[in-house]
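Chain by chain, the residues:
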Amino acid sequence: HLSIRRQRQMCIRDSHMDAADAAKKNRTPSWLTVDEHWMMEQAYDIAAKRTQMLGIQFHVDHIVPLQGKTVSGLHVPWNLQVIPAKLNQQKSNHFN
C-alpha cells in the first residue's frame, strides 16, 4: 500500500512523462526519412546499453530543448545526444 505522498509523486512523474512524450510527437517533423527515424531509435538503444554496461543512468538529450523558454528544437537525429542522466537533469530545458 503506497503512501499518499508517494502516490502524488508518481502522478507528477507520470504527467511529466506524458508531457515529454507529447512534446516529442509534436516536434517530430513529418518529412523525416525512415533512416532518420531509425537513427533516433538507435540513440535510445545506445542510452539503454550504456546504462546496462556502466551501471549509471543515461538519457537521450535534446541539444536544443523541445520545450525551451527561449528556443524550441525539433525531435530529429541531429538534435539528440546520449549523456549521463545527471548531466541531463542539470541541463533541464536550457540551451546555451
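Summary of the structure given here. All values derive from a computational prediction rather than experimental measurement. (Residues numbered from 1 in each chain as written. Predicted model: local features only at pLDDT ≥ 70, side-chain atom pairs only at ≥ 80, totals over all residues. Heavy atoms only, no water.)

## With respect to the nonpolar core
What counts, and what does not: Among the buried residues, those of types Ala, Val, Leu, Ile, Met, Phe, Trp, Tyr and Cys that are joined through side-chain atoms within 4.5 Å form a nonpolar core. Partly exposed describes any residue whose relative accessible area lies between the buried limit of under 20% and the exposed limit of over 50%, with all areas from a 1.4 Å probe on protein chains only and scaled to the type maximum. Going along the chain from the N terminus, every DSSP run of H or I of four or more residues is numbered as a helix, and every run of E of two or more is numbered as a strand. Contact between two residues is taken to exist if any of their heavy atoms lie within 4.5 Å; hydrogens are not considered.
Leu32, Met40, Ala43, Ala47, Phe58, Val60, Val76, Leu80 and Val82 together form the largest nonpolar core, which totals 9 residues. Listing elements by their share of this core, those giving two or more residues are α2 (34-54), β1 (58-62) and β2 (80-84). Looking at this core, the element that brings in the most residues is α2, giving 3 residues. What Leu80 contacts, discounting residues up to four positions off in sequence, is Met40, Ala43, Val60, Asp61, His62, Ile63 and His75.

## Observations regarding the packing of aromatic side chains
Cut-off, in case you're wondering: Within 6.5 Å between ring centres, the rings of Phe, Tyr and Trp (the latter by its six-membered ring) count as paired, and their orientation is classed by plane angle as stacked under 30 degrees, edge-to-face over 60, tilted in between.
Within this structure, the stated rule accounts for 1 aromatic pair. The interplanar angle of 15 degrees and the centroid separation of 6.3 Å between the aromatic rings of Trp31 and Trp78 together place this pair among those described as stacked. One end of the pair, Trp31, is in the loop between α1 (4-26) and α2; the other, Trp78, is in the loop between β1 and β2, and 47 residues separate them in sequence. The exposure classification of Trp31 matches that of Trp78, with both residues exposed.

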